There are 2 protein chains.
Amino acid sequence: MTKDIEPTAAATRAWIGLMRAQQRTLAAIEKDFKAAGLPPLIWYDVLWELVKAEDGRLRPFEIEARTLLAQYNLSRLIDRLEKEGLVRREVFDEDARGCWVVVTEAGRAMRERMWGAYAPSIARHIGAKLSEAEASELAALLSRLSGDAM
Amino acid sequence: MTKDIEPTAAATRAWIGLMRAQQRTLAAIEKDFKAAGLPPLIWYDVLWELVKAEDGRLRPFEIEARTLLAQYNLSRLIDRLEKEGLVRREVFDEDARGCWVVVTEAGRAMRERMWGAYAPSIARHIGAKLSEAEASELAALLSRLSGDAM
DNA sequence: TCAATGTAGATGCAATTGCATATATATTGA
DNA sequence: TCAATATATATGCAATTGCATCTACATTGA
């Protein structure tokens, strides 16, 4: 009678596996980052979104959508990045409520430096454990969960 | 020349996908939990390990290994669980440095209540998005990442 | 047997997060 | 045009986390 609300064993294993794999891999990558004297991984995500964006700038709510950061967390993360000189806030003429977040040269440099640790870390903790085909298959299955367009 | 440290595109997509899928699914499940007036998901993990364990008890370092919680976080999480009457600390005779963490009846009841929200949440956010075969395949790939024995 | 070292767990403090709410516009419909 | 409502971002405060270190006991080797 609980059939329709019990997840299948496979779904449960997938969920547990998702949590564990993410936690372990994230911990391993963050350890690499710390060993390299680098700031938290989330800084990379924000900097990278900005670097990819036109004119190296985005509105906070756009960063929010791309990174899944909560609004209040992003607001304070921008404070920290700004304090480090990696981004700066600029006025947004068309709407006085808003602002631009612009990546600075120092921010671009930091992103590159971070990638220098990130890339081998991904290679080591993901690439080395799966074949090309498996990594692709994994990415495809995960994107189904996020509801992304493929 | 950077070939050996650049991750493949597939590995990178798998990593991004892993982060996103975990974050989104976790957020969705935690939202369900909050809607049901339940405590954080991590409480479930600890209670469940205790319920599964012989005599409903484990040493803190055992819980630590099973849940991937940091030692200092677990120590304080046990404080909170104890304050809520869900577990209690008992002396461990064979080593005066250690203690047992024992799940109480209230703790068992809470775990069951949590599962009442957790199960449909997993079914909805994982089970509904993948076929049985896909969920199994995903679980298998993820376990490769965690380095678990299959 | 005891000094050195290792292990289990707790804790002070600073940084980060989550929650609720504030502030300052912008938009919309009567 | 203005009150009501919605949107963009910030912030006070409490809870949680991370880091470093502490306490207490255990083990080991000279």
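Residues numbered from 1 in each chain as written. Chains lettered and ligands numbered in written order. Predicted model: local features only at pLDDT ≥ 70, side-chain atom pairs only at ≥ 80, totals over all residues. Heavy atoms only, no water.

## Section: the overall build of chain A
Condition: Here a strand is any run of E in DSSP of at least two residues, a helix any run of H or I of at least four, and the numbering for each starts at the N terminus. Throughout, radius of gyration means the C-alpha value; the globule benchmark is 2.2 Å times the number of residues raised to the power 0.38. Whether a residue is buried, partly exposed or exposed follows from its accessible area with a 1.4 Å probe, protein chains only, as a fraction of its type maximum: under 20%, in between, or over 50%, in that order.
Regarding its fold elements, chain A presents six helices and three strands. Reading the helices (α) and strands (β) of chain A from amino to carboxyl end gives α-α-β-α-α-β-β-α-α. Here the C-alpha atoms of chain A give a radius of gyration of 19 Å, more than 25% beyond the 15 Å that 2.2 N^0.38 yields for 150 residues. Summarising its shape, the C-alpha atoms of chain A cover approximately 55 × 40 × 25 Å along the three principal directions. Counting every position in chain A, which comprises 150 residues, the buried fraction comes to 44%.

## Quick notes on the protein's contact with DNA strand D
Quick note on the threshold: It suffices for a single heavy atom of a residue to lie within 4 Å of a molecule or strand for the residue to be listed as near it. As used in this structure description, the phrase polar contact means that two N or O atoms lie within 3.5 Å; if the pair is within protein, one of them must be able to donate a hydrogen and the other to accept it, and residues adjacent in sequence are counted only when both atoms belong to side chains.
Taken together, 19 residues sit near DNA strand D, with Lys34(A), Arg76(A), Arg97(A), Asn73(B) and Arg76(B) positioned nearest. Among atoms of DNA strand D positioned within 4 Å of the protein, sugar and phosphate together represent 57%. At 2.7 Å, a side-chain N or O of Arg76(B) approaches a base oxygen of DNA strand D. For the surface near DNA strand D, the elements supplying multiple residues, two or more each, are helix 3 (60-67) and helix 4 (71-83) of chain A together with helix 4 (71-83) of chain B.

## Examining the sheet that holds strand 3 (residues 99-103) of chain B
Residues and elements named next belong to chain B. Quick note on the threshold: If DSSP finds at least two bridges between two strands, the strands pair. Here, two residues are considered to be in contact whenever any of their heavy atoms come within 4.5 Å of each other. Lines fitted to C-alpha atoms define the axes here, with helix axes fitted over just the stretch in contact, and angles between the N-to-C directions of these axes take values from 0 to 180 degrees.
Taken together, the three strands give an open sheet; going across it, the order is 1-3-2, and neighbouring strands pair in antiparallel fashion. Bordering the open sheet on either side are strand 1 (57-58) and strand 2 (87-91), each of which pairs with just one other strand. Bridging between strand 1 and strand 3 involves two bridges; their strand directions are antiparallel. Bridge pairing in strand 3 places Leu 58 opposite Val 101. The strands that helix 4 touches are strand 2 and strand 3; relative to strand 2, the one it contacts most, it runs at about 115°.

## Looking at the protein's contact with DNA strand C
Convention followed: In the scheme used here, Gly and all other residues not listed as nonpolar or charged are polar, with Ala, Val, Leu, Ile, Met, Phe, Trp, Tyr, Cys and Pro taken as nonpolar and Asp, Glu, Lys and Arg as charged.
In the vicinity of DNA strand C there are 19 residues, among which Asn73(A), Arg76(A), Lys34(B), Arg89(B) and Arg97(B) approach most closely. Near the protein, meaning within 4 Å, the atoms of DNA strand C are sugar or phosphate in a fraction of 56%, with bases accounting for the rest. One of the side-chain nitrogen or oxygen atoms of Gln71(B) is found 2.8 Å away from a base nitrogen of DNA strand C. A distance of 2.6 Å separates a base oxygen of DNA strand C from a polar side-chain atom of Arg97(B). Counting residues per element, the ones that place at least two in the surface near DNA strand C are helix 4 of chain A together with helix 3 (60-67) and helix 4 of chain B. Of the residues that constitute the surface near DNA strand C, the class distribution is six nonpolar, four polar and nine charged.

## Focus: the relation of the copies chain B and chain A
Note that the two copies of the chain are related through a rotation about an axis and a translation along the same axis. The criterion, for reference: The fit set for superposing copies consists of C-alpha atoms from residues with pLDDT of at least 70 in both; the fit itself is least squares.
When chain B is fitted to chain A, the best match, at an RMSD of 0.0 Å, comes from turning it 180° and sliding it 0.0 Å along the axis. In the structure described here, the two chain copies are related by an operation that fits a two-fold rotation axis. Comparing interface residues between copies, 100% of those in chain B also sit at the interface in chain A, which points to an isologous, same-surface contact.

## Observations concerning the pattern of salt bridges
Test applied: A pair is scored as a salt bridge if a Lys or Arg side-chain nitrogen falls within 4 Å of a carboxyl oxygen belonging to Asp or Glu.
This model, assessed by the stated rule, comprises 17 salt bridges over all chains. Lys52(A) serves as the salt-bridge partner of Glu49(A), at 3.5 Å between the closest nitrogen and oxygen. Of this pair, Glu49(A) and Lys52(A) both sit in helix 2 (residues 41-52), separated by three residues, roughly a single helical turn. For Glu49(A), a relative accessible area of 12% translates into the label buried. The partner of Arg88(B) in a salt bridge is Glu90(B), and the shortest N-O contact between them spans 2.7 Å. Look at the salt bridges and you will find they share partners, linking Glu49(A), Lys52(A) and Arg66(A) into a network.

## Description of the packing of aromatic side chains
Residues and elements named next belong to chain A. Convention followed: Centres within 6.5 Å are what make two rings of Phe, Tyr or Trp a pair, Trp counting through its six-membered ring; a difference in plane orientation under 30 degrees is then read as stacked, over 60 as edge-to-face, and the rest as tilted. In this scheme, Lys NZ or Arg CZ marks a charge over a ring once it lies within 6 Å of the ring centre and within 35 degrees of the ring normal.
Enumeration over the complete set of coordinates arrives at 12 aromatic pairs over all chains. An angle of 85° between the planes, with centres 5.0 Å apart, marks the rings of Tyr 44 and Tyr 118 as edge-to-face. Pair noted here: Tyr 44 is in helix 2 and Tyr 118 is in helix 5 (residues 105-125), with a separation of 74 residues, a long-range link. A single burial state applies to Tyr 44 and to Tyr 118, both of which are buried. Each member of the aromatic cluster is reached from another via a ring pair, and the members are Phe 33, Tyr 44, Trp 48, Trp 115 and Tyr 118. The ring of Phe 92 has Arg 59 sitting right over it, with the charged end atom 3.9 Å from the ring centre.

## Things to note about the pairing of strand 3 of chain B
All names here are of chain B. In terms of residue burial, strand 3 counts as a mostly covered element, since five of its five residues are buried. The alternating pattern of strand 3 places Cys 99, Val 101 and Val 103 on one face and Trp 100 and Val 102 on the opposite face, and all of these are buried. Pairing of strand 2 with strand 3 involves five bridges; the strand directions are antiparallel. In the strand pairing of strand 3, Arg 89 is matched with Val 101.

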